[in-house]
Amino acid sequence: MFTGIIEELGMVVAIDELGDLNPDFARLAIRAATVTADAAHGDSISVNGVCLTVVDNADGVFTADVMGESLRRSTLGALRPGSAVNLERAATVATRLGGHIVQGHVDGVGQILSREAGDQWETVTFALPEGLGRYVVEKGSITVDGISLTVMAVTDDTFSVGLIPTTLKLTTLGAKGVGERVNLEVDIMAKYVEKLLGKAGQA
């Protein structure tokens, strides 16, 4: 479990395909100072909102394996050496829940539709993949590339957030342009409520 509070920007230094039979099964090598300080084999690290498991950690670089399913259903498949990535270590029982409960399970890939600069923040609007709009509400939480954000406005197929200077400076959203794709994770509580209400209606 994560909180959506990004600890640092890492950099992809290598991407290796593993095995002739699984050409879409990749191993990422990511350079980072903070999350590698205490990372051990088997630990979970969120990479652009995708929960990955540490394979090795040495000299400030950790590696993690990514299955083809994750490569296809997230933006990880588009990463290249030199790509910046948002990183967060898994939460502990002592972690402050500064964001919201984030699983690191991507529900869909969205796209940046517009960016509008304000005096103290920037408003960014994203396209929502089909079927996710029902889980997004105004003033609710959503995870974008691993970042916990508050929804300012929402339609059936779009939502907007306000990015403060810290978020623009310390995450990948500060550099992404219109048309670029992002990983989205909706609030897990909304999905549980939907399922429970559906079952109640059938009882």
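Heads up: the structure comes first, above all this text.
Residues numbered from 1 in each chain as written. Predicted model: local features only at pLDDT ≥ 70, side-chain atom pairs only at ≥ 80, totals over all residues. Heavy atoms only, no water.

(A) Representation of the overall build of the protein in the model. In terms of regular secondary structure, the protein is built from three helices and 12 strands. On C-alpha atoms alone, the protein measures out to a radius of gyration of 17 Å, which is about the 17 Å that the 2.2 N^0.38 rule sets for 203 residues. In terms of overall dimensions, the protein has a C-alpha envelope of 50 × 50 × 40 Å along the principal axes. Expressed as a percentage of its 203 residues, the buried residues of the protein come to 40%. Accessible surface for the protein amounts to roughly 10800 Å². Of this, 54% is attributable to carbon and sulfur atoms. Positive and negative side-chain charges in the protein, numbering 16 and 26 respectively, have mean positions lying 2 Å apart. (Helix = DSSP H or I, 4+ residues; strand = E, 2+ residues; numbered from the N terminus. Rg over C-alpha atoms; globule rule 2.2 N^0.38 Å. Buried < 20%, exposed > 50% of the residue type's maximum accessible area, 1.4 Å probe, protein only. Areas by Shrake-Rupley, 256 points an atom, 1.4 Å probe, with all protein chains shown as cover. Lys, Arg positive; Asp, Glu negative; His and termini not counted. Charge placed at Lys NZ, Arg CZ, Asp CG, Glu CD.)

(B) Representation of the sheet that holds strand 7 (residues 108-117). Spatial strand order, 7-8-11-10-9-12: six strands in a closed barrel with antiparallel pairing. Strand after strand, the sheet turns through a mean of 45 degrees between neighbouring axes, direction not considered. Pairing geometry for strand 10 (residues 147-154) and strand 11 (residues 158-163), over three bridges, is antiparallel. Across the sheet, the residue bridging to valine 151 is valine 161, located in strand 11. (Pairing = 2+ DSSP bridges. Axes fitted to C-alpha atoms, helices over the stretch in contact; angles between N-to-C directions.)

(C) Region of interest: the pairing of strand 12 (residues 181-186). Within strand 12, five of the six residues are buried, which leaves it mostly tucked inside the rest of the structure. Relative to strand 12, strand 7 runs antiparallel, the two sharing four bridges. Among the inter-strand pairings, valine 109 is bridged to a residue of strand 12, identified as asparagine 183. One ladder, built from three bridges, connects strand 9 (residues 141-144) with strand 12; its direction is antiparallel. Bridge pairing in strand 12 links threonine 143 to glutamate 185.

(D) How the structure looks around the pattern of salt bridges. The tally for this structure, following the rule as stated, stands at nine salt bridges. The salt bridge involving aspartate 65 is made with arginine 27; its shortest N-O contact spans 2.6 Å. You can see aspartate 65 sitting in strand 5 (residues 61-66) and its partner arginine 27 sitting in strand 2 (residues 26-31), a full 38 residues away along the chain. Look at aspartate 65 and you get partly exposed, because its relative accessible area is 26%. Measuring nitrogen to oxygen at the nearest pair gives 2.5 Å for the salt bridge that ties arginine 115 to glutamate 122. (Salt bridge = Lys/Arg side-chain N within 4 Å of Asp/Glu carboxyl O.)

(E) Examining a nonpolar patch on the surface more closely. On the surface, Met1, Leu97 and Ile101 cluster together to form a nonpolar patch covering roughly 290 Å² of accessible area. Counting through the fold element by element, isoleucine 101 comes out in the loop between strand 6 (84-89) and strand 7. (Patch = residues over 30% accessible without salt bridge, like charges linked within 9 Å, V, L, I, M, F, W, Y side chains within 5 Å.)

(F) Quick peek at the side chain of histidine 100. Positionally, histidine 100 belongs in the loop between strand 6 and strand 7. A distance of 3.3 Å separates polar atoms of two side chains, one belonging to histidine 100 and the other to threonine 143. Leaving out residues up to four positions away in the same chain, histidine 100 has contacts with Phe2, Thr3, Gly4, Ser141, Ile142, Thr143 and Ser148. (Polar contact = N/O pair within 3.5 Å; in protein donor to acceptor, adjacent residues only side chain to side chain. Contact = heavy atoms within 4.5 Å.)

(G) Summary view of the sheet that holds strand 6. Ordered in space as 1-2-5-4-3-6, the six strands form a closed barrel in which the pairing is antiparallel. Direction aside, the axes of adjacent strands within the sheet are offset by 45 degrees on average.

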